[in-house]
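Per-entry structural report
Now for the letters of each chain:
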Amino acid sequence: MLKISKDQIGELLNIWAKGAKVFVPQENGGTSQFKAWEGQGKLTLGEGNALEPPKDLFFPRTETMYRYRVRDPEASLEELAPLEEKRVLVGVRSCDARSFAIMDDVFLTKGYIDEFYRQRRENTAVVALACTTAQPTCFCTSFGIDPGRAEGVDLQMWPLADSYLLEAITPAGKDLLEQAAALLTEAADEKVPAAAQPSLTADVGGVTEKLQQMFEHPYWEAVSRKCIGCGACTYLCPTCHCFDIQSENRGDSGYKFRCWDSCMFSEYTRMAGGHQPRPSKKERLRNRFLHKLQYFPERYGKFACVGCGRCLDRCPVSMDITRVVREVKEVTL
Amino acid sequence: MANAEQVNPLVPQIGKIIKIVEETPDIKTFHVTTDKGKPFTPMPGQLAMFSLLDVGEAMFSITSQGPEHLELAIKKVGMLTDALHEVEVGQAVGIRGPYGNGFPLEMMKGKDLLFIGGGIGLAPVRSLINYTIEHREDYGRLWIIYGARSPADLCFKDDLFKNWPKVKDCRVDVTVDKGDADWKGHEGFVPAFVEKLGPKPEGMVAITCGPPIMIKFVLQSLEKLGFKDEQIVTTLEMRMKCGIGKCGRCNLGSAYVCLDGPVFTLAQLKQMPDEY
């Protein structure tokens, strides 16, 4: 195993930035997000995860899909050049690494491949950072996630007091280590630190089966009462993947773009003519929790929650998915 | 069922409107083709994402097709459809698809088919009616029951009153909610009309589409007549953006209407949340 001094992390990022665009959690206007590394910046690789999940590196909050020109009655369309930018995503926690597998299910399976997502995903190497301290809102272990070792990544890092340990998992990870060989030394005595142990848990065993019998249960009326439908949970969720498609016109040219959408909003399902299958926050909140805990497991065989805790940390009315799981398991049918 | 020719499923082909038929005061049928001919070849009941590039894109059923074109019957109900009703022949459009499962043709083979449509809901059903007429020997008797608000709102009048009644073993019954001075046909809502006509469920499959409220009552009427859940087929509509099961909004439980639907049997629907 190799190691690098924490003092040299900027140099490491500089080396990787020569061959790729490097994204790493940094402080940015009061929040922490995966931001492009430009030689300097306030890294937030200490305790806790970036407030904003890294999903927008694969699935940007706003993304141009194609351009067009309309001179009635004629119109033409121009596809975008393939995205070839190589990227390295550094400091991804185990929970967010699992979210990539969930997003892969959505965007890369079931008959259709989303080309926009695929290009970014395939051109990105992922460097994980193990958690040694859990935040009060962390519950990744409830989903069988190991905070000390991420799934599906190229390179794993572990924090020690003054250094990081590094282990390549894939050829891409090995290549990253080779690029940085001058900065790395052999870790002789250091041991991989103990993984964080979240105190918060969600006992999700059997919750899917229970929810399958609860669609009409009065619980949803009660639990949705305090929701204000702001949608913050869906924007901060690393696995929420809903999007809208819209046009932006300037004169006779324009472009089609997609942007994040939220099942918490009434516009999301409202049809032309006014029919609304989910007329109130009860139906919308129910759909969100059922999607995470029942529909996604039914469709893809895994929960669409990774226990990152962002939603319960930032919800203005303290909606807590771990409590919802507990209450769902307790209610009588 | 991804279309091999379309590399990026979210990017439409550019098509052109070559004919517009005014069906009713608020429904027009658009015939669409491309420079390379028919945009794609859908099965009955499948869907197309249709757009005016600078206005918007929405999912529509494909009501019929010819060797070189697709037909979409579109009711004026919102921003995009208002704009579509203003365009003229020659207008460039975006089109992508085909999407969805389509009608269960194998299950229907050899059966008598009862088609029940209301308003613009006849559009998706018509793709199957025309298909079964083209493959007449594969199906039993055809019975079409259709209703609209008024005589002026009856869609596909040529088919209802000229073409379909001429087909061998094909019966057509039409009702309107309220007639006018010239109307000599039946007056009344579709579900009650169905019960009055009293089709027998033996060896029959019922296919229904219309406004959500009509579908709900027609399903009750069919159950009253003794149709089993497996004998009743309907096609649903939901707001859609991607059409390929990714954007999230058209889910009914863990199924996506754009991908796993829009056609479901009542037996399937009863296994799913009542949220359409």
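About the criteria used
Residues numbered from 1 in each chain as written. Chains lettered and ligands numbered in written order. Predicted model: local features only at pLDDT ≥ 70, side-chain atom pairs only at ≥ 80, totals over all residues. Heavy atoms only, no water. Domains from an automatic or database assignment. Contact = heavy atoms within 4.5 Å. Buried area = accessible area lost by both parts, 1.4 Å probe. Salt bridge = Lys/Arg side-chain N within 4 Å of Asp/Glu carboxyl O. Polar contact = N/O pair within 3.5 Å; in protein donor to acceptor, adjacent residues only side chain to side chain. Helix = DSSP H or I, 4+ residues; strand = E, 2+ residues; numbered from the N terminus. Nonpolar A, V, L, I, M, F, W, Y, C, P; charged D, E, K, R; others polar. Phe/Tyr/Trp six-rings, centres within 6.5 Å; stacked < 30°, edge-to-face > 60°. Lys NZ or Arg CZ within 6 Å of the ring centre and 35° of its normal. Core = buried A, V, L, I, M, F, W, Y, C linked by side-chain atoms within 4.5 Å. Buried < 20%, exposed > 50% of the residue type's maximum accessible area, 1.4 Å probe, protein only.

All names here are of chain B. Examined at the domain level, chain B breaks down into domain 1 (13-99) and domain 2 (105-235). With centres defined by C-alpha atoms, the gap from domain 1 to domain 2 works out at 24 Å. In this assembly, 17 residues from domain 1 lie in contact with 16 residues from domain 2. Regarding the contact of domain 1 and domain 2, the summed buried area is about 1200 Å², with carbon and sulfur atoms giving 57% of it. Three residues stand out in domain 1 for area buried against domain 2, namely Glu 23, Pro 44 and Thr 63, and they jointly supply 37% of the buried area on that side. Here domain 1 and domain 2 share two salt bridges between them. Salt-bridge contacts for Arg 126 lead to Glu 71; the nearest nitrogen and oxygen are separated by 3.6 Å. At the boundary of domain 1 with domain 2, the tally comes to eight residue pairs in polar contact (both at pLDDT 80 or more). For the side of domain 1 that touches domain 2, the secondary structure elements donating two or more residues are strand S1 (13-24), strand S2 (27-33) and strand S6 (70-75). Classifying every residue of the side of domain 1 that touches domain 2 by side-chain character gives seven nonpolar, six polar and four charged.

For the structure on display, the rule yields 16 aromatic pairs over all chains. Judged by centre distance (6.0 Å) and plane angle (55 degrees), the rings of Tyr 255 of chain A and Phe 257 of chain A are tilted. Site record: aromatic cluster; members linked through ring pairs are Phe 58, Phe 59, Phe 100, Phe 107, Tyr 117, Tyr 235, Phe 243, Trp 260 and Phe 265 of chain A. Note that Arg 258 of chain A overlies the ring of Phe 243 of chain A, its terminal NZ or CZ placed 4.6 Å from the centroid. Over the face of the ring belonging to Tyr 276 of chain B we find Lys 216 of chain B, whose NZ or CZ atom lies 5.2 Å from the ring centre.

Turning our eyes to something else, we now look at the nonpolar core. Counting residues in each nonpolar core, the largest one holds 111 residues, and the members touching the most others are Trp 220 of chain A together with Leu 114, Leu 222 and Met 240 of chain B. Built from parts of two domains, this core gets at least three residues from each of domain 1 (13-99) and domain 2 (105-235) of chain B. The contact partners of Leu 114 of chain B, leaving out residues within four places of it in the chain, are Trp 143, Ile 145, Pro 199, Met 204, Val 205, Ala 206, Ile 207, Leu 222 and Phe 227 of chain B. Within the second largest apolar cluster, 33 residues are counted, among which are Phe 103, Leu 122, Val 125 and Tyr 139 of chain B.

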